[in-house]
Amino acid sequence: MIKRISALIWLRTQMILSNGAMLFQIVFPYGMLLAYDHFMNKDGNPQTAVQILFMMIPLALSLSVGSMITIMLAEEKEKKNLKTLFLSGIHSVEYLISILFYPVVLALITIVSFPMIVKADLSGRWMEYGAIVASVAICVILLNLLVGALTDTQAKAQVNGVIPMMGIAFLPMFSMLSDAVSKVTHYTFMGNFVDFFTKNDFALTAQNFIVPGVWIVVLLVLNFFFLKPKAKN
């Protein structure tokens, strides 16, 4: 099993390295982060750095982490590689682990490195920050996995992936401009993220994870019903 997973991850590595668009999506958020930090935070203000995180983390998770899953799934289905892999004895669990390996790694790198790059002041709040952003990353991964399960070509993947990508990237900022959008955001998996970065009195409790927990369960169920049949076709 480990050998098959390692072989699949090696294939993913070659796929990513040969796909210029995917490499751009991985690097672009880091370029934007450095640009924002250079032009908006020349004085190195830790609070300004936190505001930059608020803008850039959703973009990074949706663009580099989420879109990668959709593109890889769609490309393999379009080229009929998916059917070949399953006929050659690859199990669905092994396939999913290989698909999620790089997105999970990138999500972890993003969560840890972004605050360090901009020197954000998260003293005493790292645990809350990590838990909240990790829950967002899980939902982003599951949502894009679902989009990939429902998509059979790369062209459709790019079109179908735009709405969730734009929603995740810009919903936090729009929630600051409109009370209606803010109320909607509260019932999405981005609610805790927005509250953490915008409310000084925010305190993380078990109740805060009810909404993202529901999202995770629903997305897991939908992926179970839609991804498994697609994998066998």
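Here the structure is a predicted model, which means the values were calculated and not measured.

## Overview of the side chain of Gln 25
Within the secondary structure, Gln 25 sits in helix α2 (residues 20-40). On the accessibility criterion, Gln 25 (16% relative accessible area) is buried. In contact with Gln 25, not counting residues within four places along its chain, are Leu 63, Ser 64, Ser 67 and Ile 71.

## Considering helix α1 (residues 2-17)
Here α1 spans 22 Å end to end across 16 residues, near enough to the 22 Å set by a 1.5 Å rise per residue. Within the span of α1, buried status applies to Ile 5, Leu 8, Ile 9, Arg 12, Met 15 and Ile 16. Down the axis of α1, the sector holding all buried residues measures 115°, keeping them to one side. Exposed residues lying more than 90 degrees from the buried face of α1 are Lys 3, Trp 10 and Leu 17.

## Some points on the pattern of salt bridges
This model, assessed by the stated rule, comprises 2 salt bridges. Glu 94 is the partner of Arg 4 in a salt bridge, and the nearest nitrogen-oxygen pair spans 2.7 Å. Residue Arg 4 is located in helix α1, and its partner Glu 94 is located in helix α5 (residues 92-118); the two are separated by 90 residues in the primary sequence. Exposure remark for Arg 4: the relative accessible area of 34% places this residue in the partly exposed category.

## Focus: α5
Note on helix geometry: an α-helix contains 3.6 residues per turn, so any two residues three or four positions apart are oriented the same way. Look at α5: 39 Å from first C-alpha to last across 27 residues, which is about the 39 Å you get at 1.5 Å a residue. Where α5 bends most, the angle comes to about 35°, and this point is Leu 100, followed within four residues by the proline Pro 103. One or two steps after α5, the chain reaches Lys 119, where phi turns positive at roughly 55°.

## Quick notes on unusual backbone geometry
At Lys 119, a position not held by glycine, the phi torsion is positive, near 55°. Structurally, Lys 119 can be placed in the loop between α5 and α6 (126-149). Of the residues examined, Lys 119 reaches a relative accessible area of 63% and is grouped as exposed.

## Examining the nonpolar core
Ranked by internal contacts, the top residues of the largest apolar core, which has 60 residues, are Leu 53, Ile 57, Leu 61, Tyr 129, Phe 189, Phe 193 and Phe 197. Going through the elements one at a time, α1, α2, α3 (46-78), α5, α6, α8 (162-175), α10 (191-198) and α11 (210-232) are the ones with two or more residues in this core. Ranked by residues supplied to this core, first place goes to α3 with 18 residues. When neighbours within four sequence positions are excluded, Ile 57 is seen to be in contact with Phe 114, Tyr 129, Val 133 and Phe 193.

## Some words on the confidence of the model for the chain
For the chain, per-residue confidence averages 86 on the pLDDT scale, and residues scoring 70 or more make up 94% of the total. At the low end of the mean pLDDT range in the chain sits helix α4 (residues 81-87), at 64; at the high end sits α6, at 93. Low confidence marks residues 229-233, where pLDDT is under 50. Its contacts with residues over four positions away, or in another chain, come to 8 contacts.

What counts and how
Residues numbered from 1 in each chain as written. Predicted model: local features only at pLDDT ≥ 70, side-chain atom pairs only at ≥ 80, totals over all residues. Heavy atoms only, no water. Helix = DSSP H or I, 4+ residues; strand = E, 2+ residues; numbered from the N terminus. Buried < 20%, exposed > 50% of the residue type's maximum accessible area, 1.4 Å probe, protein only. Contact = heavy atoms within 4.5 Å. Expected span 1.5 Å × (residues − 1). Arc of directions from axis to C-beta. Salt bridge = Lys/Arg side-chain N within 4 Å of Asp/Glu carboxyl O. Bend = angle between axes of the 7 residues up to and from the residue. Core = buried A, V, L, I, M, F, W, Y, C linked by side-chain atoms within 4.5 Å. pLDDT = per-residue confidence, 0-100.

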